[in-house]
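# Summary of the model geometry
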Amino acid sequence: MTRRFASLIAATVAAATLAAGVGVASAADQPADQIKYRQAVMRSVGGHMGAIAAIMKGEISHTGHLSAHANAIAGMAVVAADVFPPSSASGAETRAKPEIWQDWDEFLGKAEAFRTASANLASVIDGGGDSAAVGAAFGDLGKSCGGCHRPFRADAN
Ligand code: HEC
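Keep in mind the model is a prediction, meaning the values are calculated, not measured. (Residues numbered from 1 in each chain as written. Predicted model: local features only at pLDDT ≥ 70, side-chain atom pairs only at ≥ 80, totals over all residues. Heavy atoms only, no water.)

## So, the overall build of the chain
Helix and strand content of the chain: 6 helices and 0 strands. Listed by position from the N terminus, the elements making up the chain come as α-α-α-α-α-α. Counting every position in the chain, which comprises 157 residues, the buried fraction comes to 26%. Considering only contacts within the chain whose residues lie at least 6 apart along the sequence, 72% involve residues at least 24 apart. Per element, the accessible surface of the chain, about 9600 Å² overall, is 60% carbon and sulfur. (Helix = DSSP H or I, 4+ residues; strand = E, 2+ residues; numbered from the N terminus. Buried < 20%, exposed > 50% of the residue type's maximum accessible area, 1.4 Å probe, protein only. Contact = heavy atoms within 4.5 Å. Areas by Shrake-Rupley, 256 points an atom, 1.4 Å probe, with all protein chains shown as cover.)

Laid out in structure tokens, this is it:
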């Protein structure tokens, strides 16, 4: 092996190792932090839902913001399952039920329904749907929240 080739391999391995470190659970992902992160993601979804509701009710006239809110939710829905690693079952105050990890496939189905409903709302809005169509898609999205919260989120104290 030439010296140049060997150093090329070394550089490639170093780059691959670095790349693999991104997105892999490491010492950085402490359970308490994973729980806080999950709750931050969920609160952001709740915030955007509240903002859409305010616009839909006519309390706020920024109808041009609907797309940004809907697409933000759709983006969070894509990562929703990622914020429930098994290591985050406990370690800080959490309303995530143990059933999430016991019935993981069923839980994934709820996350998938959320993804579909949020993508649909974004596409209805971006496609210029009227308020009835947007309202229906928004209602369906709201049902997908409850569809997961009912079986998998504990009641608030
Ligand atoms: C796939 C399941 C699932 C879906 C879908 C889902 N959630 Fe959640 N959500 C949870 C769980 C579980 C918790 C509890 C997290 C915890 O306490 O660690 C939660 C917590 C929350 C919280 C409280 C966050 C906090 O501060 O503790 C809000 C707000 C929330 N969800 C809003 C929503 C909204 C709005 C939607 C739909 C647009 C939604 N969620 C969809 C599972 C889901």
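## A look at the packing of aromatic side chains
Scanning the model with the defined rule gives 3 aromatic pairs in all. Centroid distance Phe84 to Phe107: 4.8 Å. Interplanar angle 70 degrees. Geometry classified as edge-to-face. Pair noted here: Phe84 is in the loop between α3 (66–79) and α4 (99–102) and Phe107 is in helix α5 (residues 104–126), with a separation of 23 residues, a long-range link. Comparing Phe84 with Phe107 shows no difference in burial state: the two are buried. Through a chain of ring-to-ring contacts, the aromatic side chains of Phe84, Trp104, Phe107 and Phe152 assemble into a single cluster. (Phe/Tyr/Trp six-rings, centres within 6.5 Å; stacked < 30°, edge-to-face > 60°.)

## As for the packing of α5 against helix α6 (residues 131–152)
Put simply, α5 and α6 touch, their axes get as near as 9 Å, and they point 165 degrees apart. The angle between α5 and α6 places the two elements in the roughly antiparallel class. The chirality of how α5 crosses α6 is left-handed. Of α6, the residues touching α5 (which contributes Glu106, Phe107, Lys110, Ala113, Phe114, Ala117, Ser118, Asn120, Leu121, Val124 and Ile125) are Ala133, Val134, Ala137, Phe138, Asp140, Leu141, Ser144, Gly147, Cys148, Pro151 and Phe152. Its residues assigned to classes, the contact of α5 with α6 comprises 15 nonpolar, 4 polar and 3 charged. (Axes fitted to C-alpha atoms, helices over the stretch in contact; angles between N-to-C directions. Parallel < 35°, antiparallel > 145°, perpendicular 65-115°, else oblique. Left-handed = near helix turned anticlockwise from the far one by under 90°. Nonpolar A, V, L, I, M, F, W, Y, C, P; charged D, E, K, R; others polar.)

## What to know about the coordination of the iron atom of the ligand
Those protein atoms acting as donors to the iron atom of the ligand are Met42 (SD) and His149 (NE2), and they sit at 2.1 to 2.4 Å. Met42 gets classed as partly exposed once you look at its relative accessible area, which sits at 31%. (Donors = N, O, S within 2.8 Å, 3.2 Å for Na, K, Ca; no water.)

## Some thoughts on the nonpolar core
Side chains of a nonpolar character, in soluble globular proteins, are inclined to be buried together. One finds Ile52, Ile73, Phe114, Leu121 and Leu141 to be the most contacted residues of the largest nonpolar core, which totals 20 residues. Of all the secondary-structure elements, those providing two or more residues to this core are α2 (31–56), α3, α5 and α6. Ranked by residue count, the leading element in this core is α5, at 6 residues. When near neighbours in sequence (up to four residues on either side) are disregarded, Ile73 contacts Val45, His48, Met49, Ile52, Phe114, Ser118 and Leu141. Counting residues in hydrophobic clusters, the runner-up holds 9 residues, among them Phe84, Ala96, Ile100 and Cys148. (Core = buried A, V, L, I, M, F, W, Y, C linked by side-chain atoms within 4.5 Å.)

## Some words on the pattern of salt bridges
Using the criterion set out here, one finds 4 salt bridges in the structure. One salt bridge connects Lys36 with Asp33, and the closest N-O pair in it is separated by 3.6 Å. Residue Lys36 and its partner Asp33 are located together in helix α2, separated by 3 residues, close to a single helical turn. The shortest N-O distance in the salt bridge between Lys143 and Asp140 comes to 3.8 Å. (Salt bridge = Lys/Arg side-chain N within 4 Å of Asp/Glu carboxyl O.)

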